[in-house]
Amino acid sequence: MGTRPRGQRHWATALIAGGLAFGAPLLAAAQEAAGDPTVEVMAGACTFCHGPDGNGLGAATPSIAGLPVETFEYMMQSYREDMNPSTVMGRIARGYDDEQITALAVYFGDKPFERLPQPWIDQALVAEGKDLAAEYCESCHENEGRDGEGVGILAGQKLQYMRFSVADFLSGAREMERRQARKFRDLMDDHGPDGFEKILNYYASVK
Amino acid sequence: MSITRRGFLTATAATATVLGVAGLPHIARAAGPRFVVVGGGPAGATTAKYLKRMDPAAEVTLIEANPTYTTCFMSNEVLAGDRDIATLQVGYDGLRGHGVTVVHDRVTGIDADAKTVATAGGESLAYDRVVVAPGIDFRYDAIEGYSAEAAEVMPHAWKAGPQTTLLRQQLEAMDDGGTVIVSGPPNPFRCPPGPYERISLIAHYLKRHKPRSKILVLDAKDKFSKMPLFLQAWEQFYGYGTDNSMIEWVSKTDGGTVTAVNPATMEVTAVAGTFKGDVVNIIPPQKAGALAFEAGLVEDGWAPVNKGTFESLVTPGVHVLGDSSVAASMPKSGSSANSQAKAAAAGALALAKGEAPPVPHLANACYSIGGPDFGFSVAAVYAYDDFENALKPVAGAGGVSPLDAGAEARRRELFYAHSWFENIKADIWG
């Protein structure tokens, strides 16, 4: 689930700089290490929940493949700092240092995001959801939500995971960017919770 | 597999000289290191799959007696009537698709000097490294009167499959007002929270269908995994701590350790006394799987290993992992086995090639279900310390779900439990 609209990356950068800095040298080292068995073994501890290569079949655990490195790092950082509600990810993310997180980000970033079947999608909501998404989401979640740069990938992401994320944004448990907050407020005012449900079913259905 | 290693290499080299290796990928493939993996459960199947993923040139043969495997994880939902056992059953076509040679046979011996594995089907498979993952076996002799035959009356259901179905049928056939006895095993054992999830989900079933029934837990321990969270679920759903509790738990201190059973009378004798059950689920004390014993890999009931590579400390060249091994402080869980298997695969590959094995950074995550919309978890990340040969929890990480998490958090953990189940099956056998 996206946390920041395009063009507002400074927020996350500032957050990360305030904690532990992920830098260019780390990234270069991580890219070099992508084929390293140590990284493959470490990444293997992610896939028993997230599925092979980070693409799962379950309804709730998000796919973590194909994300921009910075987005993956930002998510792990937010779990480490308890800025993003989770079941186990807070407890797990604190087990990895910056270098390890960057290595994992590069490893999973190289894997394709697979849009696996989600039989629980309510197809009756998809067409309307697509129209709503065009109005409220597409300006940041470009290419039908496939482009993850700065915002995470919505297209084909797990429906239940996106529902949890939206609930956390709406409750304030997870911080929203100003622009995102405005869009969420407008969508809620105009269409209520059903509007979110339609949009999420649409994004989950994108192939 | 009648070609010896030496002869095989000579033949390959000769062919390569004449024709050149570049144009013959099947010959290049055949020149990779050879691995035999024994046991197609979570540990063995993951190792076989990831050996091929990490080195497509490796020759990997998995030997597993059964054409399908039934996962222990989520089998407690089958006992509750909430899940079809078919969803626990997996086959081996996924592994075949990754290039693993799957042989349904039983291993009769491992010759660590000759580096061969012999099977009941009469095959002798040569290997560079062998991986043994035989799971658990039961210490039947620890409970007088208990045996494989007695388990047909008083099922353990601690290896999923027909035993799971049997226990489910017994629960269904029991009259309302009956008593279910569940015995908790001493440490260490497969799936530390498993008995308590089972008690929770049997209670969940009885509450809906046979509400006057009781569950008597006779435990060989004074505390157990995720105990405060289970007790919270039992209080919330099953009246635990009140006069009308569906569950009575007898600790070791209170005489819960089971010493004898009598299947003819359905009596269970613990230190505290003898109790009669209408359904009796004995989860016996455990030890490493039989093959680990037969191959001489065991000390004090379990197989000691180098926890970086899972190579046996008793017999070099043989890796032992999964529930059979001593991988403390990681628990014997499906997630642990899956995570460890990747370290074992990478380690075995490196050692087969004379390279330094990676230093593993592993993890465990384990969800339990305490009642309707009520899940919780334990998670930890482990770093390998080669000086102490220990898998140490990374400080600051890990732990169990907070006791004061709200209903929404508990509900989400159930979703994540079910997602984990689908995804770990795919990661192991898919």
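Residues numbered from 1 in each chain as written. Chains lettered and ligands numbered in written order. Predicted model: local features only at pLDDT ≥ 70, side-chain atom pairs only at ≥ 80, totals over all residues. Heavy atoms only, no water.

A.B. asks: Can you help me understand the domain arrangement of chain B in this one?
C.D. replies: When the parts come together, some accessible area is lost, and that loss is often what is quoted as the size of the interface. Residues and elements named next belong to chain B. With domains assigned, chain B is organised as domain 1 (32-135 + 289-359) and domain 2 (140-285). Between the C-alpha centres of domain 1 and domain 2 there is a distance of 30 Å. Facing 17 residues of domain 1, the contacting portion of domain 2 comprises 21 residues. Carbon and sulfur atoms supply 60% of the area buried between domain 1 and domain 2, which totals about 1600 Å² over both sides. (Domains from an automatic or database assignment. Contact = heavy atoms within 4.5 Å. Buried area = accessible area lost by both parts, 1.4 Å probe.)

A.B. asks: Would you mind showing me how to read the nonpolar core here?
C.D. replies: Burial of nonpolar side chains together is a common tendency in soluble globular proteins. In this structure, Tyr96 and Tyr203 of chain A together with Val130, Ile215, Trp234, Ile247 and Phe310 of chain B are the most contacted members of the largest nonpolar core, which totals 166 residues. The residues touching Phe310 of chain B, leaving out its near neighbours within four places in the chain, are Val305, Val318, His319, Val320, Leu321, Ser325, Ala327, Gln340, Ala343, Ala344, Leu362 and Leu391 of chain B. With 16 residues, the next largest nonpolar core counts Ala151, Leu216, Met266 and Val280 of chain B among its residues. (Core = buried A, V, L, I, M, F, W, Y, C linked by side-chain atoms within 4.5 Å. Buried < 20%, exposed > 50% of the residue type's maximum accessible area, 1.4 Å probe, protein only.)

A.B. asks: Teacher, can you tell me more about the interface of chain B and chain A here?
C.D. replies: The interface of chain B with chain A comprises 44 residues on the first partner and 36 residues on the second. Carbon and sulfur atoms make up 60% of the area that chain B and chain A hide from each other, which totals about 3000 Å². Linking chain B to chain A there are four salt bridges. For the salt bridge of Arg412 of chain B with Asp168 of chain A, the shortest nitrogen-to-oxygen distance reads 2.9 Å. Inspection of the chain B/chain A interface yields 21 residue pairs in polar contact (both at pLDDT 80 or more). Among the elements of the structure, α3 (42-54), α10 (334-352), β22 (361-371), β23 (374-385), β25 (399-400) and α11 (407-429) of chain B are those that each provide at least two residues to the side of chain B that touches chain A. Broken down by element, the side of chain B that touches chain A gets its largest block of residues, 13 residues, from α11 of chain B. (Salt bridge = Lys/Arg side-chain N within 4 Å of Asp/Glu carboxyl O. Polar contact = N/O pair within 3.5 Å; in protein donor to acceptor, adjacent residues only side chain to side chain. Helix = DSSP H or I, 4+ residues; strand = E, 2+ residues; numbered from the N terminus.)

A.B. asks: Help me out: how do you make sense of the UniProt feature "domain: Cytochrome c" (unreviewed entry) in chain A in this one?
C.D. replies: Per the UniProt entry, the sites bearing "domain: Cytochrome c" (unreviewed entry) are residues 30-112 and 124-207 of chain A in this numbering. Here residues 124-207 of chain A is 67% helix and 0% strand, with 16 Å between the C-alpha atoms at its ends. (UniProt positions renumbered as here; feature names shortened; annotations may be inferred.)

A.B. asks: I tried to follow α3 of chain B on my own but got confused; where do I start?
C.D. replies: It helps to recall that an α-helix has 3.6 residues per turn; residues three or four apart then point in one direction. Its 13 residues place the ends of α3 of chain B 18 Å apart at the C-alpha level, agreeing with the 18 Å of an ideal helix rising 1.5 Å per residue. Of all 13 residues in α3 of chain B, 12 are buried; the element is thus mostly enclosed. (Expected span 1.5 Å × (residues − 1).)

A.B. asks: Would you mind going over the environment of Gln89 of chain B with me for this structure?
C.D. replies: Residues and elements named next belong to chain B. Examined against the element boundaries, Gln89 turns out to sit in strand β4 (residues 89-90). A residue is classified by how much of its surface remains accessible, and Gln89, at 39% relative accessible area, is partly exposed. Sequence-wise, Gln89 and Glu77 are 12 residues apart; in three dimensions their C-alpha atoms are separated by 14 Å.

A.B. asks: Sorry, what's going on with the pattern of salt bridges here?
C.D. replies: Pairing of side chains with opposite charge becomes possible as their charged atoms draw close. Summed over the entire model, instances satisfying the criterion amount to 28 salt bridges over all chains. A salt bridge links Lys111 of chain A to Asp53 of chain A; the shortest N-O distance between them is 3.9 Å. Of this pair, Lys111 of chain A sits in the loop between α7 (98-109) and α8 (126-136) while Asp53 of chain A is found in the loop between α4 (47-50) and α5 (69-80), placing the two residues 58 residues apart along the sequence. Here Arg208 of chain B and Asp82 of chain B are joined by a salt bridge, their closest N and O atoms 3.3 Å apart. In this pair, Arg208 of chain B is assigned in helix α7 (residues 194-209) and Asp82 of chain B in the loop between α4 (75-79) and β4, connecting sequence segments 126 residues apart. Judged by its relative accessible area of 40%, Arg208 of chain B is partly exposed.

A.B. asks: How should the sheet that holds strand β13 (residues 247-250) of chain B be read in this particular structure?
C.D. replies: Sheet strands associate in pairs through backbone hydrogen bonding, adopting either a parallel or an antiparallel arrangement. Residue and element names in this part refer to chain B. Across the sheet, four strands lie side by side as β13-β12-β11-β17; this open sheet has parallel pairing. Strands at the two margins of the open sheet, each flanked by one partner only, are β13 and β17 (279-282). The sheet shows a mean angle of 15 degrees between the axes of neighbouring strands, direction not considered. Here strand β11 (residues 179-184) runs beside strand β12 (residues 214-219); their pairing, made up of six bridges, is parallel. Its bridge partner being in β12, Val182 is matched across the sheet by Val217. (Pairing = 2+ DSSP bridges. Axes fitted to C-alpha atoms, helices over the stretch in contact; angles between N-to-C directions.)

A.B. asks: Looking at this model, I keep getting lost on the domain arrangement of chain A. Mind explaining?
C.D. replies: All names here are of chain A. By domain assignment, chain A separates into domain 1 (10-109) and domain 2 (123-205). Where domain 1 abuts domain 2, roughly 1300 Å² becomes buried across the two surfaces, and 54% of that area is made up of carbon and sulfur atoms. Inspection of the domain 1/domain 2 interface yields zero salt bridges. At the junction of domain 1 and domain 2, the tally comes to three residue pairs in polar contact (both at pLDDT 80 or more). Among the elements that take part in the side of domain 1 that touches domain 2, α5 stands out by supplying three residues, more than any other. Partitioning the side of domain 1 that touches domain 2 into residue classes produces 11 nonpolar, seven polar and no charged. (Nonpolar A, V, L, I, M, F, W, Y, C, P; charged D, E, K, R; others polar.)

A.B. asks: Is there a simple way to think about empty space enclosed by the protein in this case?
C.D. replies: A water-sized probe rolled over the atoms picks out the places where empty space is left. Within the structure shown, the criterion is met by seven cavities of 30 Å³ or more. In this structure, the largest cavity is lined by 37 residues; those nearest its centre are His50, Pro62, Ile64, Tyr79 and Met89 of chain A. Listing elements by their share of the lining of the largest cavity, those giving two or more residues are α4, α5, α6 (89-93) and α10 (159-171) of chain A together with β22 and α11 of chain B. A per-element tally of the lining of the largest cavity places α5 of chain A first, with five residues. Mapping the lining of the largest cavity onto the domain boundaries places at least three of its residues in each of domain 1 (10-109) and domain 2 (123-205) of chain A. (1 Å grid on protein atoms, 1.4 Å probe; cavity = no way out; pocket = protein on both sides within 12 Å on 5 of 7 lines; lining within 4 Å. Points joined across faces, edges and corners; volume = space filled by probe spheres on them.)

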